[in-house]
Amino acid sequence: MAKMTLEGYLRRLNDESNKRLGFYERTLKRAYTSLLGDMNKVISNTYAKLDDNDLIGSLQKYHRKDNLEKTLTSLINEFSKVKYRGMYNQLRDQLLFAYQYYYTGLTEVSGKSYKLLPLKKEWLTATIENELSGLTLKQTLQRDRQNIIYSLKSNLIQGVNRGESYSQMAKRMKDVVNGDYQKAVRIARTETHRVKEAGTFESALKGEKAGIKQVKTWNSSNDSRTRKEHRRLDGKTIPLDEYFRLGSAKTLKPGDTGRAEHDVNCRCFLTYEIAD
């Protein structure tokens, strides 16, 4: 049986990473669906107490509007805590998997063995919480939590002022929740790509320190969505410790410039070769 190449190991690493991301996205979708169901129950119970001929007036009675907003806000706050923990854990697992799997491939292909030291907790946390446009992962999700609460309250007021039925209000809430879900998926994909590249790169550095010299090559998707600066780097091979240039930005690996215009939805990736 032919020995697998380092490129083969990297392909398997990417395939497994995509499978794990797909599973996480399905889990995330179920969580958002559950949140929407809980929100609709609260709204339905409130609407059942309102006078159809005077929605605004009856909603103001007995602090119903305030209680409705507080309950919905509480649901979103609790959901956001769970969402952050889930996303953080998913990113940690992706990073650790890439770190370990590349080590397996490198030692097998090179025929050289060395001890792979565990990643320091501080480095792991800093890499996962890496700032993008000045915000860490936690701060980004906190911002999104505040935005969905604001949008929810705005839509609630608009719906009531227009005398909308429960079904119309439920449609408003669905649009709000789905909008936040799409943001969460975009963040998960962007950050998964980044930490996968970070884990692989860190593992490659450890191998180089152990005496296995390598070079890295930038690979672009080369389709209509590929950024021009990224397309120009396609196929460029440099030593591990050198930077790739993306206009005025520079980076050791894709997804790590710290600039949204380069990192968000980036699909570029590195491949590695053992240098002669």
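Notes on the structure in this doc start here. (Residues numbered from 1 in each chain as written. Predicted model: local features only at pLDDT ≥ 70, side-chain atom pairs only at ≥ 80, totals over all residues. Heavy atoms only, no water.)

### What about the overall build of the chain?
What counts here: A run of H or I in DSSP becomes a helix once it reaches four residues, and a run of E becomes a strand once it reaches two; helices and strands are each numbered from the N terminus. Put simply, the radius of gyration uses C-alpha atoms, and a globule should come to 2.2 Å times the residue count raised to 0.38. Residues count as neighbours in contact if any of their non-hydrogen atoms are within 4.5 Å of one another. Counted as positive: Lys and Arg. Counted as negative: Asp and Glu, with His and the chain ends omitted from the count. Note on charges: their place is set at NZ of Lys, CZ of Arg, CG of Asp or CD of Glu.
Broken down by element type, the chain carries eight helices and five strands. Sequence-ordered secondary structure for the chain, helices as α and strands as β, is α-α-α-α-α-α-β-α-β-β-β-α-β. The globule rule puts the C-alpha radius of gyration for 276 residues at 19 Å, and the 24 Å found for the chain is more than 25% above it. Overall, the C-alpha framework of the chain stretches about 80 × 35 × 35 Å when taken along its three principal axes. The long-range share in the chain, meaning contacts at least 24 apart out of those at least 6 apart in sequence, stands at 74%. Averaged over its 50 positive side-chain charges, the chain has a centre that lies 1 Å from the centre of its 34 negative ones.

### Brief notes about the sheet that holds strand S2 (residues 237-239)
For sheets, the rule is that strands pair by backbone hydrogen bonds, running either parallel or antiparallel. Applicable threshold: Strands are treated as partners if at least two bridges between them are detected by DSSP. Whenever a helix is involved, its axis is fitted only over the stretch in contact; in every case the axis is a line through C-alpha atoms, and angles between N-to-C directions fall within 0 to 180 degrees.
In space, the three strands of this open sheet follow the order S2-S1-S5, with antiparallel pairing throughout. Each edge of the sheet is formed by a strand with only one pairing partner; in this case those strands are S2 and strand S5 (269-274). Adjacent strand axes in the sheet meet at a mean angle of 35 degrees, parallel and antiparallel pairs treated alike. In this sheet, S2 lies alongside strand S1 (residues 214-219) in antiparallel orientation, the contact comprising three bridges. The residue bridging lysine 216 from the neighbouring strand is isoleucine 238, located in S2. Packing of helix H3 (residues 64-110) onto the sheet brings it into contact with S1 and S5, and relative to S5 it is tilted by some 25 degrees. Relative to S5, helix H6 (residues 166-209) is tilted by about 20 degrees, and along the sheet it contacts S1 and S5.

### Let's talk about unusual backbone geometry
One non-glycine residue, histidine 63, lies in the positive phi region at around 60 degrees. Examined against the element boundaries, histidine 63 turns out to sit in the loop between helix H2 (55-60) and H3. The phi angle at asparagine 265 is positive, at roughly 60 degrees, despite the residue not being glycine. Looking at the secondary structure, you find asparagine 265 in the loop between helix H8 (260-263) and S5.

### Considerations on the environment of lysine 70
For clarity, the threshold we go by: Remark: exposure states derive from per-residue accessible area (1.4 Å probe, protein chains only) relative to the maximum for the residue type, with buried under 20%, exposed over 50%, and partly exposed in between.
In this fold, lysine 70 is placed in helix H3. Note on lysine 70: relative accessible area 61%, which makes it exposed. For the pair lysine 70 and lysine 153, spaced 83 residues apart in sequence, the C-alpha to C-alpha distance is 10.0 Å.

### So, the nonpolar core
Note the threshold: Nonpolar cores were defined as sets of buried Ala, Val, Leu, Ile, Met, Phe, Trp, Tyr and Cys residues, with membership established by side-chain atoms within 4.5 Å.
Of all hydrophobic cores here, the largest spans 69 residues; its most connected members are Met87, Tyr102, Leu137 and Tyr272. Elements with a contribution of two residues or more to this core: helix H1 (6-47), H2, H3, helix H4 (121-128), helix H5 (137-161), H6, strand S3 (244-246) and S5. Top element by residues in this core is H3. It accounts for 16 residues. Excluding anything up to four places from it in sequence, tyrosine 272 contacts Leu6, Leu10, Tyr102, Glu197, Thr200, Phe201, Ala204, Val215, Lys216 and Leu240.

### Examining the pattern of salt bridges
The line we're drawing: Basic side-chain nitrogens of Lys or Arg form a salt bridge, by our definition, when they fall within 4 Å of a carboxyl oxygen of Asp or Glu.
All told, the structure shown has 14 salt bridges when counted by the stated rule. Glutamate 16 serves as the salt-bridge partner of arginine 20, at 3.0 Å between the closest nitrogen and oxygen. Here arginine 20 pairs with glutamate 16, and both are found in helix H1, just four residues apart, close to one helical turn. With relative accessibility at 32%, the residue arginine 20 sits in the partly exposed group.

### Digging into the state of the cysteines
Keep this limit in mind: Two cysteine sulfur atoms form a disulfide, by the criterion used here, when they sit within 2.5 Å.
Counted under the stated rule, the structure contains zero disulfides. Its sulfur unpaired, cysteine 266 is 4.0 Å from the next cysteine sulfur, which belongs to cysteine 268.

### Section: H5
We apply this condition: For a helix, the expected span equals 1.5 Å multiplied by the number of residues minus one.
Compared with an ideal rise of 1.5 Å per residue, which puts 25 residues at 36 Å, H5 spans 36 Å between its outermost C-alpha atoms and is within 8% of the ideal. Taken together, the buried positions of H5 are occupied by Leu137, Thr140, Leu141, Asp144, Ile148, Ile149, Leu152, Asn155, Leu156, Gly159 and Val160. Those residues of H5 that are buried lie in contact with H1, H2, H3, H4 and H6. Downstream of H5 by a residue or two, glycine 163 has a phi angle that is positive, lying close to 70 degrees.

### Side note on the packing of aromatic side chains
Where two aromatic rings form a pair, the distance of their centres and the angle of their planes describe that pair. For clarity, the threshold we go by: To pair, rings of Phe, Tyr and Trp, with the six-membered ring standing in for Trp, must have centres within 6.5 Å; the planes then decide the type, stacked if under 30 degrees apart, edge-to-face if over 60, and tilted in the middle. By definition, being over a ring means that NZ of Lys or CZ of Arg is both within 6 Å of the ring centre and within 35 degrees of the ring normal.
Within the structure shown, the criterion is met by nine aromatic pairs. Aromatic pair tyrosine 84 and tyrosine 88: ring centres 6.0 Å apart, planes at 50 degrees, arrangement tilted. One end of the pair, tyrosine 84, and the other, tyrosine 88, are both in helix H3, four residues apart, so they sit about a helical turn from each other. Tyrosine 88 shares its class with tyrosine 84; the two are buried. Note on tyrosine 103 and tyrosine 114: the rings are 5.0 Å apart at their centroids and 85 degrees apart in plane angle, and the pair reads as edge-to-face. Separated by 11 residues along the polypeptide, tyrosine 103 in helix H3 and tyrosine 114 in the loop between H3 and H4 bring together distant segments of the chain. Since its relative accessible area comes to 17%, tyrosine 103 is described here as buried. Grouping aromatic residues by their ring pairs yields a cluster made of Tyr9, Phe97 and Tyr101. Seen from the ring of phenylalanine 97, arginine 20 lies directly overhead, with NZ or CZ sitting 4.2 Å from the centre. Positioned over the ring face of tyrosine 243 is lysine 250, at 4.5 Å from the centre of the ring.

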